[in-house]
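# Breakdown of the fold
Here's the letter readout for the chains.
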Amino acid sequence: LAKTTQPISMDSYEGQEVNITCSHNNIATNDYITWYQQFPSQGPRFIIQGYKTKVTNEVASLFIPADRKSSTLSLPRVSLSDTAVYYCLVGGSGYSTLTFGKGTMLLVSP
Amino acid sequence: GAGVSQSPRYKVAKRGQDVALRCDPISGHVSLFWYQQALGQGPEFLTYFQNEAQLDKSGLPSDRFFAERPEGSVSTLKIQRTQQEDSAVYLCASSLVGGVAFFGQGTRLTVV
């Protein structure tokens, strides 16, 4: 399973755009990249998933360069409620054990 | 229900007691996962079911941990003779095969 590396923590202010980058140098050809958000005392919540180039939904955008060895989660105009831990995972389109790392703790301040 | 449901939300057990944690997956989801999350850490994989078949139990930390999904829907994670190091949040997730996994709220187990 591909290992991921992401910053332990990030700080931002309300209204700013936040970009969290994840490295996954050993990503396999059939692996997708998935991001989850987790608040204290809650289970991880799916944010976005992509394979290549760019994916956008109502919550975030995911940028994946051509070599797919990294990906960037972009959160536009964050609010205090975006304070959470964000996990980057890579895995195949079939069964995958979804290996979580330590995630990135994002703190949004007023 | 619309999401993955876990019960109980909180469980306090005395050391040595057996506990059973329940997971109701999203209807129609074939895949079901159990994870253990210690404080300040990411979720750690325990076991995976596809329908009623337990295809991977490599993450179960000891033979005191046992999971079942007899009819391919509801799953139970059982921990026998609980120990303090078992204190953690136990998360259940379900998905279509190869699809995005959706997580429940978790059960916080405290062993005293």
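Anything mentioned here points back to the structure above.
Residues numbered from 1 in each chain as written. Chains lettered and ligands numbered in written order. Predicted model: local features only at pLDDT ≥ 70, side-chain atom pairs only at ≥ 80, totals over all residues. Heavy atoms only, no water.

## A short note on the side chain of Ser-61 of chain A
Residues and elements named next belong to chain A. Just so we agree on the cut-off: Every helix listed is a DSSP run of H or I at least four residues long, and every strand listed is a run of E at least two residues long, numbered separately from the N terminus. Relative accessibility thresholds used throughout: buried, under 20% of the residue-type maximum; exposed, over 50%; partly exposed, between the two (1.4 Å probe, protein chains only). Pairs of N or O atoms within 3.5 Å make up the polar contacts considered here, provided that, within protein, one atom can donate a hydrogen while the other can accept it, and that residues adjacent in sequence are counted only when both atoms are side-chain atoms.
For Ser-61, the location among the structural elements is in strand β6 (residues 61-64). Ser-61 gets classed as buried once you look at its relative accessible area, which sits at 13%. Polar contacts involving the side chain of Ser-61 include one to the side chain of Thr-56, which spans 3.0 Å.

## Description of the pairing of strand β11 (residues 107-111) of chain B
Residues and elements named next belong to chain B. Rule in force here: When DSSP finds at least two bridges between two strands, those strands are taken to pair.
What you see with β11 is a clean split: Thr-107, Leu-109 and Val-111 sit on the buried side and Arg-108 and Thr-110 on the side with no burial. Direction of pairing for strand β9 (residues 88-95) relative to β11: antiparallel, over a ladder of 3 bridges. Its bridge partner being in β11, Tyr-90 is matched across the sheet by Thr-107.

## Some remarks on the interface of chain B and chain A
Using the following cut-off: In this description, contact between two residues means that some pair of their heavy atoms is separated by no more than 4.5 Å. For any pair of parts, buried area is found by adding up, for both, the accessible area (1.4 Å probe) each one loses once the two are put together.
Residue-level contacts link 19 residues of chain B with 18 residues of chain A. Carbon and sulfur atoms make up 54% of the area that chain B and chain A hide from each other, which totals about 1500 Å². Its largest share of buried area at the contact with chain A, chain B owes to Pro-43, Val-100 and Phe-103 of chain B, together 28% of the area lost on that side. Between the two partners, chain B and chain A, sit 4 residue pairs in polar contact (both at pLDDT 80 or more). For the side of chain B that touches chain A, the secondary structure elements donating two or more residues are β4 (31-37), β5 (44-50) and β10 (102-103) of chain B. The leading source of residues in the side of chain B that touches chain A is β4 of chain B, at 3 residues.

## Focus on the state of the cysteines
Threshold: To count as a disulfide, a pair of cysteine sulfur atoms needs to be within 2.5 Å.
Per the counting criterion, the structure on display carries 2 disulfides over all chains. The side chain of Cys-22 of chain A participates in a disulfide bridge whose partner is Cys-88 of chain A; the two sulfur atoms lie 2.2 Å from each other. Of note, the bridge from Cys-22 of chain A to Cys-88 of chain A carries an S-S torsion of about -80° and is left-handed in sense. Here Cys-22 of chain A is found in strand β2 (residues 18-23), whereas its partner Cys-88 of chain A is found in strand β8 (residues 84-92), with 66 residues between them in sequence. Of the two residues, Cys-22 of chain A and Cys-88 of chain A, both sit in the buried class. Two residues, Cys-23 of chain B and Cys-92 of chain B, share a disulfide whose sulfurs are 1.9 Å apart. Here the disulfide of Cys-23 of chain B and Cys-92 of chain B is left-handed, its torsion about the S-S bond being about -65°. Highlighted residues: Cys-23 of chain B in strand β3 (residues 19-24) and Cys-92 of chain B in strand β9, separated in sequence by 69 residues. Accessibility assignment for this pair places Cys-23 of chain B and Cys-92 of chain B in one class, buried.

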